[in-house]
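An overview of the molecular structure
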Amino acid sequence: MIKVSEQAKQKLSVLMSEEGFDVAKDYVRVGVQSGGCSGLTYQLKFDDNTLETDKVFEDNDVKIAVDKKSFLYLVGTTLEFSGGLNGKGFVFNNPNAQRTCGCGESFSL
């Protein structure tokens, strides 16, 4: 399961609304792909559909869709949002990552 912090939920709500999505019925799609300076890069986008192969669950009133392959890398992750002058935006706090890059956008196992 992937958890969603309260700050991330609030920011996701705003961004989804701006892009024509509804946080009450649409999905935040998170995933992992090859790339970045540490080997794997996080993905986050909005979707109004799911696939048969998706793992779908809800945390903090946010519906999340993850493809099965990415789910293995993301189990136990918390999606957070860091704003302000030194904020990074969305941050994946992934307990499975053994190494992350300085910007926090990529990781390795």
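We now examine the overall build of the protein chain. Helix and strand counts for the protein chain stand at two helices and nine strands. Expressed as a percentage of its 109 residues, the buried residues of the protein chain come to 39%. In the protein chain, the proportion of contacts linking residues at least 24 apart, taken out of those at least 6 apart, comes to 52%.

Our next topic: the environment of D47. Relative to the elements of secondary structure, D47 occurs in strand β3 (residues 40-47). The class of D47 is buried, set by a relative accessible area of 18%. In this structure, the C-alpha to C-alpha distance between D47 and Y27, residues 20 residues apart in sequence, is 5.2 Å. Every residue in contact with D47, bar those within four places of it in the chain, is listed here: F21, D26, Y27 and R29. Engagement of the side chain of D47 in a polar contact is seen with the backbone nitrogen of N49, the distance being 3.0 Å.

Time to look at the pattern of salt bridges. Within the structure shown, the criterion is met by four salt bridges. D54 serves as the salt-bridge partner of R29, at 2.8 Å between the closest nitrogen and oxygen. Pair noted here: R29 is in strand β2 (residues 27-34) and D54 is in strand β4 (residues 54-59), with a separation of 25 residues, a long-range link. As far as burial versus exposure is concerned, R29 and D54 are alike and both buried. The shortest N-O distance in the salt bridge between E58 and K63 comes to 3.6 Å.

Turning our attention to the nonpolar core. Grouped together as the largest cluster of nonpolar side chains are 20 residues, with contacts concentrated most on V30, I64 and V66. Those elements giving two or more residues to this core turn out to be α1 (6-18), β2, β3, β5 (62-67) and α2 (68-74). If sequence neighbours within four positions are ignored, V66 has contacts with I2, V30, T53, D54, K55, F57, F71 and L74.

A few words on the sheet that holds strand β1 (residues 3-4). Spatially, β1-β6-β7 is the arrangement adopted by the three strands of the open sheet, whose pairing is mixed. Each edge of the open sheet is held by one strand with a lone partner, namely β1 and β7 (89-93). Where strand β6 (residues 78-82) meets β7, five bridges bridge the pair, whose relative direction is antiparallel. Pairing of E80 across the sheet is with V91, part of β7. Along the sheet, α1 contacts β1, β6 and β7; its crossing angle with β6, the most-contacted strand, is approximately 75 degrees.

Definitions and cut-offs
- Residues numbered from 1 in each chain as written.
- Predicted model: local features only at pLDDT ≥ 70, side-chain atom pairs only at ≥ 80, totals over all residues.
- Heavy atoms only, no water.
- Helix = DSSP H or I, 4+ residues; strand = E, 2+ residues; numbered from the N terminus.
- Buried < 20%, exposed > 50% of the residue type's maximum accessible area, 1.4 Å probe, protein only.
- Contact = heavy atoms within 4.5 Å.
- Polar contact = N/O pair within 3.5 Å; in protein donor to acceptor, adjacent residues only side chain to side chain.
- Salt bridge = Lys/Arg side-chain N within 4 Å of Asp/Glu carboxyl O.
- Core = buried A, V, L, I, M, F, W, Y, C linked by side-chain atoms within 4.5 Å.
- Pairing = 2+ DSSP bridges.
- Axes fitted to C-alpha atoms, helices over the stretch in contact; angles between N-to-C directions.

Keep in mind that these numbers describe shape and distance, not what the molecule does.
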